[in-house]
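Structural overview
Here are the chains, one letter per residue:
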Amino acid sequence: MKVVIGHLYADLMNIYGDRGNIIALTRRAQWAGVEVEVRNLALGQTLDPREYDILFVGGGQDREQSLIADDLQKVKGGSIVEAVEDGAVVLAVCGGYQLLGKYFKTGEDVVLPGIGLFDAWTVAGNRRCIGDAVVECSFTGERRTLVGFENHSGKTYLGPAARPIGKVLHGFGNNAEDGFEGAVYKNAYGTYLHGSILPKNAWLTDHLIASALRRRYGQNIVLPPVDAGLEERAHRAVIARIRGRGKMNTGAI
Ligand code: GLN
């Protein structure tokens, strides 16, 4: 089996080690015996939605976001939506996540249009949401936690057609108001969590790879188990640090 990963705007959208997500996807897929091809998708490059199994876009500041907003409108947006409707996997972090929603209104009141994949919109806030975050999720059917590092001023609000990735146990999440983080639509995931997120959350990495394989090779595909001992230690270390400060919203984990 093989997965083709499209790394969108790798040179522009890559903060807090977002590229680590590509490395985690590649390594864990290879360790499970899956062949991997990574293709960079830069400004101006088109993409054939049927060729890609996983698309990734990282975070970036307003300047980079305005460049990619234009490219998303003119070149790639339609193909990304088509790929997701066909079951492709997407992971979008922070600035990338914001532009997969309907729009991002910057601090200068400039409205950067998004592609509307998520029923969500973002407005620049007047404080930065920065620090470690822990999110409780159940979209795989099992109760799990995600840990990551967020740094954004944008506040994202979800409309009725979007569901969040999970509930914030520590940190700010989408808007520091409603207690939710991220957005999910089909196999597309938007999140504020850098970290990079996938190396610290191997269960999500494996879920993305398995979802991509099932779309291409059939629903009964099971990803062979791959040791995640180190990743789980990194995950637990973040949770322990926050609990140690007495800062977790719930004692449940
Ligand atoms: N400019 C956006 C914000 O601060 C995105 C930042 C980021 O991707 N880290 O909300």
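Quick notes on the rules
Residues numbered from 1 in each chain as written. Predicted model: local features only at pLDDT ≥ 70, side-chain atom pairs only at ≥ 80, totals over all residues. Heavy atoms only, no water. Helix = DSSP H or I, 4+ residues; strand = E, 2+ residues; numbered from the N terminus. Contact = heavy atoms within 4.5 Å. Near = heavy atom within 4 Å. Polar contact = N/O pair within 3.5 Å; in protein donor to acceptor, adjacent residues only side chain to side chain. Areas by Shrake-Rupley, 256 points an atom, 1.4 Å probe, with all protein chains shown as cover. Nonpolar A, V, L, I, M, F, W, Y, C, P; charged D, E, K, R; others polar. Buried < 20%, exposed > 50% of the residue type's maximum accessible area, 1.4 Å probe, protein only. Pairing = 2+ DSSP bridges. Axes fitted to C-alpha atoms, helices over the stretch in contact; angles between N-to-C directions. Parallel < 35°, antiparallel > 145°, perpendicular 65-115°, else oblique. Salt bridge = Lys/Arg side-chain N within 4 Å of Asp/Glu carboxyl O.

**Let's talk about the environment of Val-93**
On the secondary structure map, Val-93 appears in strand 4 (residues 89–93). Sequence-wise, Val-93 and Ser-196 are 103 residues apart; in three dimensions their C-alpha atoms are separated by 9.4 Å. For Val-93, the contacting residues outside a window of four places in its chain are Asp-18, Asn-21, Phe-56, Val-57, Gly-58, Gly-59, Thr-191, Leu-193, His-194 and Ile-197.

**Some thoughts on the site of the ligand**
Within the structure, the ligand sits among 15 residues, and Asp-62, Cys-94, Gly-95, Gln-98 and Gly-154 are positioned closest to it. Ser-153 places a polar main-chain atom, nitrogen or oxygen, 3.0 Å from an oxygen atom of the ligand. In the complex, the protein chains occlude 99% of the 300 Å² of accessible area that the ligand would expose alone. Among the secondary structure elements, those contributing two or more residues to the shell around the ligand are helix 2 (62–85), helix 3 (95–100) and strand 8 (144–158). When residues of the shell around the ligand are assigned to their parent elements, the largest contribution, four residues, is made by strand 8. Taken together, the residues that form the shell around the ligand break down as two nonpolar, eleven polar and two charged.

**Description of the environment of Ala-183**
Mapped onto the elements, Ala-183 comes out in strand 11 (residues 183–185). Classification of Ala-183 by relative accessible area gives buried; the value is 0%. With residues up to four places along the chain from it excluded, the contact list for Ala-183 reads Tyr-97, Phe-118, Leu-158, Arg-163, Pro-164, Ile-165, Ala-188, Tyr-189 and Gly-190.

**Quick notes on the pairing of strand 9 (residues 166–170)**
Within strand 9, four of the five residues are buried, which leaves the element mostly enclosed by the surrounding structure. The pairing of strand 7 (residues 120–137) with strand 9 spans three bridges and is classified as antiparallel. Bridge pairing in strand 9 links Val-134 to His-170.

**Concerning the packing of helix 1 (residues 20–31) against helix 5 (residues 202–217)**
At their nearest, the axes of helix 1 and helix 5 sit 10 Å apart, and the two run at 70° to each other. Here helix 1 is positioned roughly perpendicular relative to helix 5, judged by the angle of their axes. Judged by residue contacts, Ala-24, Leu-25, Arg-28 and Ala-29 of helix 1 engage Ala-202, Thr-205, Asp-206, Leu-208 and Ile-209 from helix 5. Here the contact of helix 1 with helix 5 is built from residues that sort into six nonpolar, one polar and two charged.

**Topic: the pattern of salt bridges**
Throughout the structure, instances matching the rule amount to 20 salt bridges. Asp-206 is the salt-bridge partner of Arg-28, the closest N and O atoms lying 2.8 Å from each other. Here Arg-28 is found in helix 1, whereas its partner Asp-206 is found in helix 5, with 178 residues between them in sequence. With a shortest N-O distance of 3.8 Å, Glu-136 and Lys-167 are connected by a salt bridge. Residue Glu-136 is found in strand 7, and its partner Lys-167 is found in strand 9; the two are separated by 31 residues along the sequence. The class for Glu-136 is buried, based on a relative accessible area of 17%. Counted as one network, the salt bridges with shared partners bring together Lys-2, Glu-37, Arg-39 and Glu-51.

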